[in-house]
Amino acid sequence: NEGGHSKSYAEVVLASALTSAIIKDDPITGKNAEGNEVVGKAYEAYVPGVSVIKVLYPTTDTQASECQVGGLVDTTMGGCFAATGNLTIGVGGNHTIAYTYNSTEDNNNGRTFAGFSTGAKEKMRENCTGC
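Predicted, not measured: the structure shown is a model, and the values here were computed from it. (Residues numbered from 1 in each chain as written. Predicted model: local features only at pLDDT ≥ 70, side-chain atom pairs only at ≥ 80, totals over all residues. Heavy atoms only, no water.)

Across all of its chains, the model carries one disulfide by this definition. Disulfide pairing places C67 opposite C80 at an S-S distance of 1.9 Å. On the sign convention where negative is left-handed, the bridge of C67 and C80, at about 80 degrees about the S-S bond, is right-handed. Taken together, the positions of C67 in the loop between strand 4 (52-56) and strand 5 (84-89) and C80 in the loop between strand 4 and strand 5 put the pair 13 residues apart, joining distant regions of the chain. (Disulfide = S-S within 2.5 Å. Helix = DSSP H or I, 4+ residues; strand = E, 2+ residues; numbered from the N terminus.)

Now the structure itself:
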């Protein structure tokens, strides 16, 4: 139940707590291990004082450039953040902060195939006319 291709994200530890809020889907930019830019977005909203955030990796037409992790036998790390670096957060890059994380343990997936079936009942419409 670790997923592999859907809603891949990094859970990073910030060098200092946030001093301003991050809005869900705010752009967050960093670099991969080769120094190439990786542009993700905030997985959810974060309030000032938070020091651990999730950054949702982009999904592209060229899967080789993505961060594909989790339950996969063969992972693709080219699109994952480097283990340490700086993240630029927000429209216009109005906030830069250092981070660290373990790229083999802290890259995960927000969706799994198992989640589609285990969460199906709560997503079903019941007791409605025409269902």
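After presenting the structure, the write-up continues.
Another point: the pattern of salt bridges. Tallied over the full model, the rule gives one salt bridge. Note that K41 and D25 form a salt bridge whose closest N and O atoms lie 3.8 Å from each other. Of this pair, K41 sits in strand 3 (residues 37-42) while D25 sits in the loop between strand 1 (8-14) and strand 2 (27-31), and the two are 16 residues apart along the sequence. (Salt bridge = Lys/Arg side-chain N within 4 Å of Asp/Glu carboxyl O.)

What follows is about the environment of V55. Inspection of the secondary structure puts V55 in strand 4. Residues V55 and E44 lie 11 residues apart in sequence; the distance between their C-alpha atoms is 8.4 Å. Those residues within four positions of V55 in sequence are excluded, and the remaining contacts are S8, Y9, A10, I28, G40, K41, F81 and L87. (Contact = heavy atoms within 4.5 Å.)

Our next topic: the environment of A15. Residue position: A15 is located in the loop between strand 1 and strand 2. Distance from A15 to A98, taken between C-alpha atoms, is 5.3 Å for residues 83 residues apart in sequence. Those residues within four positions of A15 in sequence are excluded, and the remaining contacts are A98 and Y99.

Bringing the nonpolar core into the picture now. Residues I53, F81 and L87 are the most contacted members of the largest nonpolar core, which totals 25 residues. For this core, the leading source of residues is strand 1, giving four residues. (Core = buried A, V, L, I, M, F, W, Y, C linked by side-chain atoms within 4.5 Å. Buried < 20%, exposed > 50% of the residue type's maximum accessible area, 1.4 Å probe, protein only.)

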